[in-house]
Amino acid sequence: MSVPATEVDFEALARTLEVHPDFRVLRRLVPIMDFGPRPAAEGDAGVQRVLVLDTETTGLQHHSDKIIELAMLLVQVDTTTGLPFGPVEVFEGFEDPGMPIPEVAQQVTGITDAMVTGQRLDDAQVTALVARADLVIAHNAGFDRPFVEARFPGFADKAWACSFADIDWKAAGAGSSKLGLLAQDRGWFYDAHRAQVDCHALLQVLTRPVGSDARTGLALLWAAAASPSFKLRATGSPFESKDLLKERGYRWDADARVWACTRATPELLEAELEWLKAAVYGRRSARVEVEAQDSRVRYSSRPGLLTERAL
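Residues numbered from 1 in each chain as written. Predicted model: local features only at pLDDT ≥ 70, side-chain atom pairs only at ≥ 80, totals over all residues. Heavy atoms only, no water.

Draft legend 1. Representation of the overall build of the protein in the model. Across its full length, the protein holds ten helices and twelve strands. Residue burial in the protein is summarised as follows: out of 311 residues, 43% are buried. For the protein, the computed accessible surface area is about 16500 Å², with 54% contributed by carbon and sulfur atoms. Here the protein holds 34 positive side-chain charges and 44 negative ones, and the gap between their average locations is 6 Å. (Helix = DSSP H or I, 4+ residues; strand = E, 2+ residues; numbered from the N terminus. Buried < 20%, exposed > 50% of the residue type's maximum accessible area, 1.4 Å probe, protein only. Areas by Shrake-Rupley, 256 points an atom, 1.4 Å probe, with all protein chains shown as cover. Lys, Arg positive; Asp, Glu negative; His and termini not counted. Charge placed at Lys NZ, Arg CZ, Asp CG, Glu CD.)

Draft legend 2. Highlighting the sheet that holds strand β6 (residues 159-162). One open sheet holds the five strands; their spatial order is β4-β3-β2-β5-β6, and the pairing between them is mixed. Each end of this open sheet is capped by a strand with a single partner; those strands are β4 (83-94) and β6. Sheet twist, expressed as the mean angle between neighbouring strand axes with direction ignored, is 25 degrees. As paired strands, strand β3 (residues 67-78) and β4 are joined by nine bridges and run antiparallel to one another. Note that in β4 the partner of V77 across the bridge is P84. Lying over the sheet, helix α4 (residues 123-131) contacts β2 (47-57), β3 and β4, oriented at roughly 30 degrees with respect to β3. (Pairing = 2+ DSSP bridges. Axes fitted to C-alpha atoms, helices over the stretch in contact; angles between N-to-C directions. Contact = heavy atoms within 4.5 Å.)

Draft legend 3. Representation of the pairing of strand β11 (residues 287-293) in the model. Where strand β8 (residues 229-233) and β11 come together, five bridges link them in antiparallel fashion. Of the residues in β11, the one forming a bridge with S229 is Q293. With six bridges connecting them, β11 and strand β12 (residues 305-310) associate as antiparallel partners. Along β12, the bridge assignment pairs A292 with L305.

Draft legend 4. Inspection of the layout of surface pockets at higher detail. In this structure, the largest pocket encloses a volume near 1900 Å³. Contributing to the lining of the largest pocket are 48 residues, with A165, R251, C261, T262 and Y299 lying nearest its centre. Of all the secondary-structure elements, those providing two or more residues to the lining of the largest pocket are α5 (141-151), α8 (217-226), β8, β9 (251-253), β10 (258-263), α10 (266-280) and β11. Looking at which element gives the most residues to the lining of the largest pocket, the answer is β10, with four residues. Approximately 720 Å³ is the volume found for the second largest pocket. Around the second largest pocket, the lining comprises 27 residues; the ones closest to its centre are D54, E56, N140, H193 and D198. Going through the elements one at a time, β2, α2 (103-109), α5, α6 (179-185) and α7 (195-206) are the ones with two or more residues in the lining of the second largest pocket. (1 Å grid on protein atoms, 1.4 Å probe; cavity = no way out; pocket = protein on both sides within 12 Å on 5 of 7 lines; lining within 4 Å. Points joined across faces, edges and corners; volume = space filled by probe spheres on them.)

Draft legend 5. Broad picture of unusual backbone geometry. With a phi close to 55 degrees, R257 is a non-glycine residue in the positive phi region. With respect to the helices and strands, R257 occurs in the loop between β9 and β10. Positive phi, normally seen in glycine, also occurs at Y299, with a value near 75 degrees. Mapped onto the elements of the fold, Y299 is located in the loop between β11 and β12.

Draft legend 6. Just the packing of aromatic side chains, in detail. Evaluation of the coordinates by the stated rule reveals five aromatic pairs. Taken together, a centroid distance of 4.9 Å and an interplanar angle of 45 degrees make the contact between F143 and F147 tilted. Of this pair, F143 and F147 are both found in helix α5, four residues apart, which corresponds to roughly one turn of the helix. Grouping residues by exposure puts F143 and F147 together as buried. Here the aromatic cluster, defined as three or more aromatic residues joined through ring pairs, consists of F152, F155 and W160. (Phe/Tyr/Trp six-rings, centres within 6.5 Å; stacked < 30°, edge-to-face > 60°.)

The values are spatial; any link to function lies outside them.
This is the structure:
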């Protein structure tokens, strides 16, 4: 005789399975709309407002494709503990791109032409929410930032951090830096590829300590946003060095036709210049380009401070 699902204590079953070494339990991620009172901490470094953002678009090219969905969560964060507190303010909206949504975008996002026809994002609401943010976070800021800056210029005045690139998830023991898998590592699953649920998943992932570091993901992103990074372009590198550069983490910049990488600190930049001189240029004279980027231009389509360095 079957037992009605309403009479089964699924949480008790889950707890039983969790203690067995052969089972792993995932729970559906439930959005947290209020993180409660500010956490107690020694000292008081202050409070900052974090805006967690995600977009869905018609395609990958910010100069020709359009936003079709925007979601944002604004939350207060205690900078001593790196923990959010208080209510979460939510914005979510659709926008008609003025063009049919490509089939591949509909398949990825689940958003159809019928859902966006005649819709427009509320400029006043978006602008007001962005104005109150001290830091904007996206899980692929290099994708999202150019799209939202083109639509809402106020984003250009904000500090940004990327939870995908600014945290070394591999060093922290994660098998992948994809958001869905980071959530799974923390015991959650959710229906991805819709903007608001992706924002909730990212915020909850960032409230947890990262690896053996006692700091939360939010705290690590604050630190990343406070420091400049350096984009290094290996100009004039020999063709035969391409595999070596690729293995080192360089990516081909098709527009500039050069291999490039980003290093997070001046010390890492100097070490990289030494490596280039020895491994790529064979200690011959060479000049490379270094672009210093702070959090107000990083991940945007706007350049930082460009200089040439002699090797």
